[in-house]
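Architecture and fold: a report
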Amino acid sequence: MAILKGISTKQEFFLLVIALFLIEFVRGAFVFSFLPGLSIHPLGISLTIIGMAVSIHFIGDSVTNLIVGYVMKPLGSNLVIHLSFFISLLSLMIAATWTNSFTMIFSALLLGIGVCPLWIVLLAKAGKKKRGQNISIVYFGWLAGIGAGLVTMNHFLQFNIHHILWFLPILVLIGWIIYTIANKGDISYRHSDLKEQRAITFQLLKTSKVVVPGLLFQGIAIGMIIPILPAFAINVLGVTTNQYSMLMLLGGGSALLFLVPIGKLVDHISNKVILFIIGLCLFALSLLFLISSPNLAVTISIVVFLGLCYALYLPAWNSFIASYIPENLKEAGWGIFSALQGFGVMIGPTVGSVLANQNNIITTIQFSAAMFGLTAVIYLIYSLWYRSKKLLL
């Protein structure tokens, strides 16, 4: 029950997006900035350990996504969310107290478990009407949080790497308070026993197998570049730490600028496949152009365009996969699909860091671009094959 008794469903939704922003700020600061940043700071933590920590984070996220919908049935979504905030808070306190290889991996795992459930609740509460727009708002909060956390932590890393994690548990606590104030209650769903849940899961995967390659390949492609981004920017592109933060801000800002307007556009376009095919192709090509960027001005242009491409394909892709989730399975369905993508993301960082160690950082970027391009080709074939059967969604 919401503490603010007069709160509307719309107001609840936006307050929960703020809570999501804070928890994703923490994820962006710790997983996307602090851990990769250890590769260029003298704490004795290797790139391989960093890649493992990022992968372990997404293992926790993926496994939690897979089961959280079913855990919410007997326990209720409200209790699960409170537990998730507690786990996130604990993970960051451990990381801030003991900064070494083991605690970085363990904290990353706990944080992966903790950040997942709120995400699932918001996707379930996006509603039927204007779903593409509402999902875009959720992703706006996600991207804004990750981007703000990444840029903020990049700035703090220049000063004192040993004591900069302590502001993150405070943000988790604030997000927890906002959730407690705003939440109007558990998600409504039909209870089912374990046997029925298993049958429904296999049925969902069987009927929605067309989305599986996209979920896995995008996850791998994104995951590959996470642990090597600071080293790529500084050692290959030749930018400073402040310029790297600026590039992340511009790329994320351009994605945020176009995400909601394109989300509205998606609601009025029936053929969502073509939109994300175009976005994926342009994203892959832009990554390849980024490798050979001759100067900072060109690099900025490419990064801004990358943000636009991401905003182009993300709402269309999520509306496409949402069409495969029955209303009575919305919390479990999003959990299953998020787990599949998380499985790819958990593989990606380890693969990317190993490629960077054995070859060079550029090889990792090339493989990531190839994965995005392969995903586009798969759905282009799907689009052409099923055009005559009118199965495009």
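Residues numbered from 1 in each chain as written. Predicted model: local features only at pLDDT ≥ 70, side-chain atom pairs only at ≥ 80, totals over all residues. Heavy atoms only, no water.

1. Thoughts on the packing of aromatic side chains
Applying the stated criterion across every chain, the model contains 21 aromatic pairs. Taking 6.3 Å as the distance between ring centres and 75° as the angle between the ring planes, the aromatic pair formed by Tyr379 and Tyr382 counts as edge-to-face. Highlighted residues: Tyr379 and Tyr382, both in helix α14 (residues 361-386), separated by 3 residues, approximately one helical turn. Judged by relative accessible area, Tyr382 falls into the buried class, the value being 9%. Chaining the aromatic ring pairs together yields one cluster made of Trp142, Phe283, Tyr310, Tyr313 and Phe372. (Phe/Tyr/Trp six-rings, centres within 6.5 Å; stacked < 30°, edge-to-face > 60°. Helix = DSSP H or I, 4+ residues; strand = E, 2+ residues; numbered from the N terminus. Buried < 20%, exposed > 50% of the residue type's maximum accessible area, 1.4 Å probe, protein only.)

2. Things to note about the confidence of the model for the chain
Confidence in the prediction for the chain averages 80 pLDDT; 84% of positions are at 70 or higher. By mean pLDDT, the top-scoring element of the chain is helix α6 (residues 167-182) (91), and the lowest-scoring one is helix α7 (residues 194-207) (67). (pLDDT = per-residue confidence, 0-100.)

3. Brief notes about the packing of helix α3 (residues 77-97) against α6
Two elements in contact, α3 and α6, have axes whose closest approach is 8 Å; the angle formed by their N-to-C orientations is 170°. With respect to each other, α3 and α6 are oriented roughly antiparallel. On the side of α3, the interface is formed by Ser77, Asn78, Ile81, His82, Phe85, Phe86, Ser88, Leu89, Leu92 and Met93, while α6 contributes Leu168, Pro169, Val172, Gly175, Trp176, Tyr179 and Thr180. In the contact of α3 with α6, the residues fall into 11 nonpolar, 6 polar and no charged. (Axes fitted to C-alpha atoms, helices over the stretch in contact; angles between N-to-C directions. Parallel < 35°, antiparallel > 145°, perpendicular 65-115°, else oblique. Contact = heavy atoms within 4.5 Å. Nonpolar A, V, L, I, M, F, W, Y, C, P; charged D, E, K, R; others polar.)

4. So, helix α8 (residues 212-225)
For α8, built from 14 residues, the straight-helix expectation of 20 Å at 1.5 Å per residue is met to within 8% by its first-to-last C-alpha distance of 21 Å. Among the residues making up α8, those that are buried are Gly214, Leu215, Gln218, Gly219, Ile220, Ala221, Gly223, Met224 and Ile225. (Expected span 1.5 Å × (residues − 1).)

5. A look at the side chain of Ser84
Position of Ser84 among the secondary structure elements: in helix α3. Beyond its immediate stretch of four places on either side in the chain, Ser84 contacts Gly114 and Pro117.

6. A few points about the nonpolar core
By size, the foremost hydrophobic cluster in this structure holds 127 residues, and its most contacted members are Phe30, Phe34, Leu35, Phe276 and Phe320. Per-element tally for this core: the top contributor is helix α1 (residues 9-37), with 15 residues. Lining this core are residues from two domains, each supplying at least three of them: domain 1 (8-189) and domain 2 (190-392). (Core = buried A, V, L, I, M, F, W, Y, C linked by side-chain atoms within 4.5 Å. Domains from an automatic or database assignment.)

7. Side note on the pattern of salt bridges
Applying the stated rule across the entire model yields 2 salt bridges. Put simply, Arg27 and Glu24 hold a salt bridge, and the shortest N to O gap is 2.8 Å. Taken as a pair, Arg27 and Glu24 lie in helix α1 at a separation of 3 residues, close to a single helical turn. Of the two residues, Arg27 and Glu24, neither departs from the other in class, the shared state being buried. With a closest N to O distance of 3.6 Å, Asp61 and Arg27 form a salt bridge. Placement of Asp61 in helix α2 (residues 47-75) and of Arg27 in helix α1 is noted, with a sequence separation of 34 residues between them. Residue classification places Asp61 among the buried positions, given a relative accessible area of 9%. The structure contains a network of salt bridges with shared partners spanning Glu24, Arg27 and Asp61. (Salt bridge = Lys/Arg side-chain N within 4 Å of Asp/Glu carboxyl O.)

8. Side note on the state of the cysteines
By the definition in use, this model includes 0 disulfides. Distance from the sulfur of Cys281, which forms no disulfide, to the nearest cysteine sulfur (Cys309) is 9.9 Å. Judged by its relative accessible area of 34%, Cys281 is partly exposed. (Disulfide = S-S within 2.5 Å.)

9. Points about the packing of α8 against helix α12 (residues 296-322)
The contact between α8 and α12 brings their axes to 12 Å, and the two run at 145°. For the crossing formed where α8 meets α12, the hand is left-handed. For the pair α8 and α12, the contacting residues are Gly214, Leu215, Gln218 and Ile222 in the first and Tyr313, Trp317 and Ile321 in the second. Of the residues in the contact of α8 with α12, the class split is 5 nonpolar, 2 polar and no charged. (Left-handed = near helix turned anticlockwise from the far one by under 90°.)

10. Overview of the environment of Ala322
Mapped onto the elements of the fold, Ala322 is located in helix α12. Accessibility expressed as a relative area gives 14% for Ala322, which makes it buried. Counting along the chain gives 11 residues from Ala322 to Gly333, while the straight-line C-alpha distance between them is 8.7 Å.

11. A few points about α3
For α3, built from 21 residues, the straight-helix expectation of 30 Å at 1.5 Å per residue is met to within 8% by its first-to-last C-alpha distance of 30 Å. Along α3, the residues that are buried comprise Ser77, Val80, Ile81, Ser84, Phe85, Ser88, Leu89, Ser91, Leu92, Ile94, Ala95 and Ala96.

12. Examining the environment of Ser319
Checked against the element boundaries, Ser319 lands in helix α12. For Ser319, a relative accessible area of 13% corresponds to the buried category. For the pair Ser319 and Ser136, spaced 183 residues apart in sequence, the C-alpha to C-alpha distance is 9.5 Å.

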